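# An overview of the molecular structure
Each chain, letter by letter, is given below.
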Amino acid sequence: MARSRLELADVVRLHRPRFTAERGGRIAAAERRVLDDIVACRTAARGGHVERCNSCGHQRIAYNSCRNRHCPKCQELARAAWVAERQQEILPVQYFHVVFTLPREIAPIALQNKRVLYAILFRASAETLSAIGADRKHLGAELGFLSVLHTWGQTLEHHPHVHCLIAGGGLAPDDSRWVSCRPGFFLPVRVLGRMFRGKFLHHLKRAFDRDQLVFHGQIAPLRRPTAFRACLRGVRRCDWVVYAKPPFGGPAQVLHYLARYTHRVAISNNRLLSITGDTVTFTWKDYRLGGRQRIMTLSGVEFLRRFLLHLLPKGFMRVRHYGFLANRSRQAKLDRCRQLLAVSSPSDSTPPAEMGPMDDPSLPRCPECKHGRMTCVLVFAPGDEALFRIGLREDTS
């Protein structure tokens, strides 16, 4: 017998009162907003609209989404739309996946200085890839890659790292040719790790010298320059983890991977196994055992504490593009790459005129005929119960 589908919203509804009480009734405005949005998402509290299939005429009620980027429901739709856009940028070359991870000694500083440290993480990893890629000893070309920030591990602990998805080659310095990397090999991870460590610590020290960092609680002693420099000396002696995964099989696999990584939140609804008055049980992958699936049970308060560790600063961009995929010159650079690789652009192979309303990927597919798209025919405000008498099936999926 299939278990009923559990949601993060159920955890928030049940355990938020105790979580707030244990904080003395004080909760940050950003945390309050996220928890409110998760609970109200796709419920009558947010209003909604009536959708009708443009093929078979099937109708349903769909409540409005909260559109909060920390909500697991909303990220499913945002991810599908984003990946559809990225489909236009995939080149017919090998792609690689490289992960840059902060050592655990730096993670507490990052937790208290999210905007500054996460920006440094992006910058140091991007500068490392760009510098080594441009080095003639390695590739001698301008790379094109996107970087995605994740701040969690499988058990929801704070674990900041950046996933970089990189085309296996790049543009020569004068844009005259495409330079391919060796089959199955991108760049040496030890070289990447050493340069990443140096660049990150350089930017971190500069942020400290400019008084851009704060230190509270257990790391308060780091406010003193001597203590901070000692911390840097310690992490400078460690090897920083840069992990390169095996190359992708082809463009279709790249898009599948993009869908998995770009708009993920700390935990998805399908990992939740049970919720009680005291605990939350969920699945996690133990990568020390080859990705074996395991089960963890936390108190509801601890679960919410861990989840809220991963809220991002307002307006902070967690997906960024670099090299020939940088926003300022992306289209011109991609056109040049396709020219050098002797492939047509996606717009040439699928003219917009051939796209009809049945093919619009921004509209959800009809659950009945599986062919048409659901279009909005009526909008209603929160609390308007009159429309519920029309007998349509309510959709909160």
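Residues numbered from 1 in each chain as written. Predicted model: local features only at pLDDT ≥ 70, side-chain atom pairs only at ≥ 80, totals over all residues. Heavy atoms only, no water.

On to the packing of aromatic side chains, then. Any aromatic ring pair is given by two values, namely how distant the centres are and how the planes are angled relative to each other. Counted by the stated rule, this structure contains 13 aromatic pairs. Geometrically, the ring pair formed by Tyr118 and Phe316 is edge-to-face, given 6.2 Å between the ring centres and 65° between the ring planes. Highlighted residues: Tyr118 in helix H5 (residues 114-134) and Phe316 in the loop between helix H9 (300-308) and strand S12 (319-323), separated in sequence by 198 residues. Residue Tyr118 shares its accessibility class with Phe316, and that shared class is buried. Where Phe208 meets Phe228, the ring centres are 4.0 Å apart and the plane angle is 5°; that geometry is what we call stacked. Of this pair, Phe208 sits in helix H6 (residues 189-209) while Phe228 sits in helix H7 (residues 225-236), and the two are 20 residues apart along the sequence. In this structure, Phe208 and Phe228 share a single accessibility class: buried. Three or more aromatic residues joined by ring pairs form one cluster here, namely Phe100, Phe196, Phe200 and Trp240. Looking at Arg320, its charged tip hangs above the ring of Phe316, at a distance of 4.7 Å from the centre. (Phe/Tyr/Trp six-rings, centres within 6.5 Å; stacked < 30°, edge-to-face > 60°. Helix = DSSP H or I, 4+ residues; strand = E, 2+ residues; numbered from the N terminus. Buried < 20%, exposed > 50% of the residue type's maximum accessible area, 1.4 Å probe, protein only. Lys NZ or Arg CZ within 6 Å of the ring centre and 35° of its normal.)

The subject of this paragraph is the layout of surface pockets. Of the pockets and cavities examined, the second largest pocket occupies roughly 390 Å³. Residue lining of the second largest pocket: 19 residues in total, with Ala30, Val34, His70, Leu311 and Leu312 positioned closest to the centre. Those elements giving two or more residues to the lining of the second largest pocket turn out to be helix H2 (29-40) and H9. In terms of residue count, the dominant contributor to the lining of the second largest pocket is H2 (4 residues). (1 Å grid on protein atoms, 1.4 Å probe; cavity = no way out; pocket = protein on both sides within 12 Å on 5 of 7 lines; lining within 4 Å. Points joined across faces, edges and corners; volume = space filled by probe spheres on them.)

Of note, Gly291 is situated in the loop between strand S10 (279-286) and strand S11 (292-299). Gly291 gets classed as partly exposed once you look at its relative accessible area, which sits at 24%.

What follows is about the sheet that holds strand S8 (residues 242-245). Read across the open sheet, the 5 strands follow the order S8-S3-S5-S4-S12; overall the sheet is antiparallel. Unpaired on one side and paired on the other, S8 and S12 mark the two borders of the sheet. Neighbour-to-neighbour, the strand axes of the sheet open up by a mean angle of 25°, direction not taken into account. With 5 bridges connecting them, strand S4 (residues 144-152) and S12 associate as antiparallel partners. Of the residues in S12, the one forming a bridge with Phe145 is Tyr322. (Pairing = 2+ DSSP bridges. Axes fitted to C-alpha atoms, helices over the stretch in contact; angles between N-to-C directions.)

Below, the discussion takes up the pairing of strand S9 (residues 272-275). On any regular strand, side chains alternate: one points to one face of the sheet, the next to the other face. Taken together, the 3 bridges between S9 and S10 define a ladder with antiparallel strand orientation. Its bridge partner lying in S10, Leu272 is registered against Phe282. What sits between the antiparallel neighbours S9 and S10 is a turn of 3 residues.

Right, let's get into the environment of Ala381. Inspection of the secondary structure assignment puts Ala381 in the loop between strand S13 (374-380) and strand S14 (393-395). Ala381 sits in the partly exposed class, given a relative accessible area of 45%.

Quick look at unusual backbone geometry now. With a phi close to 60°, Asp175 is a non-glycine residue in the positive phi region. Of note, Asp175 is situated in the loop between strand S6 (169-171) and strand S7 (178-180). When its relative accessible area of 24% is taken as the criterion, Asp175 is described as partly exposed.

Attention now goes to the packing of H6 against H7. The geometry of a pair of packed helices is captured by two quantities: the angle between their axes and the separation between those axes. Closest axis-to-axis distance for the H6/H7 pair is 11 Å, and the angle between their directions is 175°. When the axis of H6 is compared with that of H7, the two are roughly antiparallel. Facing Arg197, Leu201, Leu204, Lys205 and Phe208 of H6, the residues of H7 in contact are Pro225, Phe228, Leu232, Val235 and Arg236. Among the residues forming the contact of H6 with H7, the class breakdown is 7 nonpolar, no polar and 3 charged. (Parallel < 35°, antiparallel > 145°, perpendicular 65-115°, else oblique. Contact = heavy atoms within 4.5 Å. Nonpolar A, V, L, I, M, F, W, Y, C, P; charged D, E, K, R; others polar.)

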